[in-house]
Amino acid sequence: MADNASTQWQAIRPELWIWADWEADYGIYDGGTGETHLLSELPAEVLRQLSRHVMTAAALTANLASLCEVEMAPAWTRKIGGILSELADLELIEPVRL
Amino acid sequence: MTLADLAAAGALTGGAAGGVCFRTGPFITRLETRFAPVLSLLVRFYGETEAFTTPQIVNFNIALHRPLGPRRWWRAQMRFRIEDTEPFEPYPLSHSYPLFEWGLNWSIATRSNHYLMLHAGVVERAGRALILPAVPGSGKSTLSTALAFRGWRLLSDEFGLIERPSGRVMPLPRAIPLKNRSIDVIRAYLPEAELGPRFDKTRKGTVCHVRPPDDCIRRQQETAEPAWIVFPRYVEGHPTDLIPIPKSLAFVRLAHNSFNYRVLGATGFEQLRALIGRCDCYSLTYSEFDSVLPALAAMADGGRQQGP
Amino acid sequence: MSPLLALFAHPEIAPGLSVEDWNGVLRAGHSERVLGRLGYRLERFGVAEACPRTAREAMEGARYYPRFVQVQVEREVRALRRALSPLDTEVILLKGAAYQLAGLPIAEGRISADLDILVRRERLAAIEERLLAEGWEAKALDAYDQRYYRTWMHEIPPLRHKDRDIEIDVHHSLLPLTSRLRPDPALLWEASVPLETPGLRVLGPCDMLLHTAAHLFQDGEIRGGLKDLLDIQGLLESFSGQAGYFGRLLERARRLDLGRPLYYALRYAHLLLDVPIPAEVRRETRSLGPPAPVAALMDRLVTRVLDPHYPLRREPVVSQWLLYVRSHWLRMPPGLLTSHLGRKVWRRLGGRTTEH
């Protein structure tokens, strides 16, 4: 999977997602795969953003940094990159093919 | 008309070759067998259940028949059939009754997707249900038995049937199979409980069934509002420890303790989400009945848990 | 006609069924695993509410497993497209996946645990290589079965992705290379219809029916055949309204050399499910059928196997065996038959099931 900052990411069929909202955790049922996932705040926010707009990894990382009031640093970028990679493995998101 | 009435009228002598039709919680079961020991235990455990003499649309057509040929007599066997299928290997004839109970469980679990089916014991008090998911090492059957005889109505020791769209729990009261050590524990703790015969050397060790109290059979169509989900864990010598757990954790654990959560897809997710929403969720570690039973009663009689 | 078939044939009788009829419907429906389909069909015909509660609950409950499997099939199709995208090749979806992705009513409540696809023969090796590279694995088969698949049947061994449960069967023709009947794949491609999703196609309406007919009456075993007969009913309902459909169907059957399966498909859809077939069509297809004594024998055998009656399955073991032998005879040149059948029987007695 192309992992650079300018790769565009999109949610896979977010209209088939159902959310459950508990305190600091979220449950999500994905009708596209039949799987259920438990997510913490940050991955849940990544999904929420990608379900609304296609975005590059760079743009997403910047959005989340400002939302979480965190410095844009290589560690943060790696963290978000890791989350994108995991969500892609779960077939919730995918890089946009040109 | 109950099974006991039918038996008293002599309708079951000579075997139920034409099939005996009776209520099993929300289901109607038809059992065809000529094997008297199974019928007599059926009447003993489920005497109070509704029996039918007029034609009914049946949920489970079960037949217990001995094979023709050598295995009829030599190392005699019993075969379980549901409709047209024999899903299991034959059992030794002496284990015919556990085969019936286990086979009926399998039949319910594989074709009742109009419910969300939890693998759990469920008991009720003042119209509200306590759900005890069956994690390994939970001692759920033993605990359910103790609760059933100490202030709670048994809804089921095995199946938490959550109906749609109400989200209420449907009873499915059955003979409770105790295994190995639990048999002696219950015999000692509940002298008033009636135990059936011991079946040794089954696939699950020694099995002995507790006769469900008459009241829970008579009220088997009375649903309950789910109120508490408690994940029990028996640890020898451990004091009773009832700790609230986050809903997200309860959701995940309960999803893993369900017969059909995954197959139900979006419906299962929504049902489970709603169920967790309505219930206070706890983790329980215990070892002594005299300590854990009052603790659960206090939980039930106390106010609602604080927090979401 | 058993109550189950009668209800599929004439949903409007639902309100009038007796308790005994419903018991027959539910028992057979559970055995044949068609209660989900029945529920959707009764809904379409507006009679679902008229059914007794126990039956409605059983039919509702029976929808969930088919729906779950269909989600997995769609997921597999997506993964397949991703894996094959570098090859820029098209794929024809067959059977359940085709009905599902084409949005046909017969897909509702239908269970198919495998994904069958048709690809061009010259791309077969490249496709197999791509799938193996992307995590699919060939079913573990001994050397004999590998040879059976590659040389004598019409597919590479079934593939399953290491992380998932759905099996993909990759075909390049509809029937085995060694079969006496050889429908030309080029004709199938020519008549195929693209889906909205790029790269995916389905067979044309006539070919869809002929393929199902060939599957039920010639290709492989005729076990669980009621499901396929219901597919034939459903496809006829979906397509026979098109002007000139039967005419095209007959012509197509001759061109693809599938006249015999078409004869059987129309005969048994008509005989067992009362599917309306115009009299002149029935006359014309009779000439595609076998000699009269064979036709009569087949009538008896097929009726026994496909029309579930209770008490069931004690007798038709013989009928099913005869049909099984017959379908293998059609599939393999005579010399090979005995050794292969011998092995299959040994396997079956050994307790390993080869069916899903």
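Residues numbered from 1 in each chain as written. Chains lettered and ligands numbered in written order. Predicted model: local features only at pLDDT ≥ 70, side-chain atom pairs only at ≥ 80, totals over all residues.

Take the overall build of chain B next. Helix and strand counts for chain B stand at nine helices and 17 strands. At 20 Å, chain B has a C-alpha radius of gyration in line with the 19 Å of a compact globule built from 308 residues. In terms of its C-alpha atoms, chain B occupies a principal-axis envelope of roughly 65 × 40 × 35 Å. (Helix = DSSP H or I, 4+ residues; strand = E, 2+ residues; numbered from the N terminus. Rg over C-alpha atoms; globule rule 2.2 N^0.38 Å.)

Taken together, the contact between chain C and chain A spans four residues of the former and four residues of the latter. Across the side of chain C that touches chain A, the residue classes break down as two nonpolar, one polar and one charged. (Contact = placed C-beta atoms within 7 Å. Nonpolar A, V, L, I, M, F, W, Y, C, P; charged D, E, K, R; others polar.)

Residue and element names in this part refer to chain C. Partitioning chain C into domains gives domain 1 (1-62), domain 2 (66-202) and domain 3 (204-356). In this structure, domain 1 and domain 2 have C-alpha centres spaced 32 Å apart. On the side of domain 2, six residues touch domain 1, which itself brings seven residues to the contact. Here the side of domain 1 that touches domain 2 is composed, by residue class, of two nonpolar, two polar and three charged. (Domains from an automatic or database assignment.)

Attention now goes to unusual backbone geometry. Residue R164(B) is joined to P165(B) through a cis peptide bond whose omega torsion reads -5°. Take P165(B): it is sitting in the loop between β10 (159-163) and β11 (169-170). Positive phi is not limited to glycine here, since A126(B) has a value of about 50°. Mapped onto the elements, A126(B) comes out in the loop between β7 (115-125) and β8 (128-133). Unlike most non-glycine residues, D88(C) shows phi in positive territory, near 50°. Structurally, D88(C) can be placed in the loop between α5 (64-84) and β1 (91-94).

Accessible area lost on assembly of the parts is the figure often given for the size of an interface. Of the residues lining the interface, 16 residues belong to chain B; the matching set on chain C comes to 20 residues. Residues that form the side of chain B that touches chain C fall into these classes: five nonpolar, eight polar and three charged.

Another aspect to go through is the pairing of strand β5 (residues 167-171) of chain C. On a regular strand, each side chain points to the face opposite its neighbour's, so the side chains alternate between the two faces of the sheet. Residue and element names in this part refer to chain C. For β5, the buried fraction is high: four of the five residues fall into the buried class. One ladder, built from five bridges, connects strand β2 (residues 114-118) with β5; its direction is parallel. Note on β5: the bridge partner recorded for D114 is E167. As defined by bridge partners, strand β4 (residues 159-161) adjoins β5 across two bridges and the pair is classed as antiparallel. Considered in β5, the bridge of R160 is made with E167. Between β4 and β5, which follow one another and run antiparallel, lie five residues. (Buried ≥ 20, exposed ≤ 12 C-beta atoms within 10 Å, placed from the backbone. Pairing = 2+ DSSP bridges.)

Residues and elements named next belong to chain C. Residues F246, L249, R252 and A253 constitute the buried set of helix α12 (residues 245-255). Down the axis of α12, the buried set is contained in an arc of 125°. They therefore lie on one face. Exposed residues pointing more than 90 degrees away from the buried face of α12 are listed as E251 and R254. Contacts from the buried residues of α12 go to α10 (205-217), α13 (259-273) and α14 (279-286). With its phi angle positive at about 65°, D257 sits one or two positions after the end of α12. (Arc of directions from axis to C-beta.)

Right, let's talk about the sheet that holds strand β2 (residues 17-22) of chain A for a bit. All names here are of chain A. Read across the open sheet, the three strands follow the order β2-β3-β4; overall the sheet is antiparallel. Across the chains shown, the open sheet's two edge strands, defined by having one partner strand only, are β2 and β4 (35-40). Strand-to-strand, the axes of this sheet are offset by a mean angle of 20°, without reference to chain direction. Here strand β3 (residues 25-30) pairs with β4 via six bridges, running antiparallel. Among the inter-strand pairings, Y26 is bridged to a residue of β4, identified as L39. Contacts from helix α1 (residues 41-52) reach β3 and β4 within the one sheet, and its direction differs from that of β4 by about 115°. (Axes fitted to C-alpha atoms, helices over the stretch in contact; angles between N-to-C directions.)

The next point concerns the domain arrangement of chain B. Residue and element names in this part refer to chain B. By domain assignment, chain B separates into domain 1 (3-110) and domain 2 (115-301). Spacing between the C-alpha centres of domain 1 and domain 2 amounts to 25 Å. In this assembly, 16 residues from domain 1 lie in contact with 22 residues from domain 2. Secondary-structure elements contributing two or more residues to the side of domain 1 that touches domain 2 are β1 (16-24), α2 (36-46) and α3 (96-110).

In this section: the packing of α10(C) against helix α11 (residues 225-239) of chain C. Residue and element names in this part refer to chain C. Their axes nearest at 10 Å, the elements α10 and α11 cross at an angle of 165°. Regarding the angle of α10 to α11, the classification is roughly antiparallel. Note on packing geometry: the crossing formed by α10 with α11 is left-handed. For the pair α10 and α11, contact is made by P205, M208, L209, T212, A213, H215 and L216 and by G225, D228, L229, D231, I232, L235, L236 and F239, respectively. Among the residues forming the contact of α10 with α11, the class breakdown is 10 nonpolar, three polar and two charged. (Parallel < 35°, antiparallel > 145°, perpendicular 65-115°, else oblique. Left-handed = near helix turned anticlockwise from the far one by under 90°.)

This part is about the sheet that holds β5(C). Ordered in space as β3-β4-β5-β2-β1-β7-β6 (chain C), the seven strands form an open sheet in which the pairing is mixed. Both edges of this open sheet fall to β3 (136-138) and β6 (193-194) of chain C, since each of them pairs with a single strand only.

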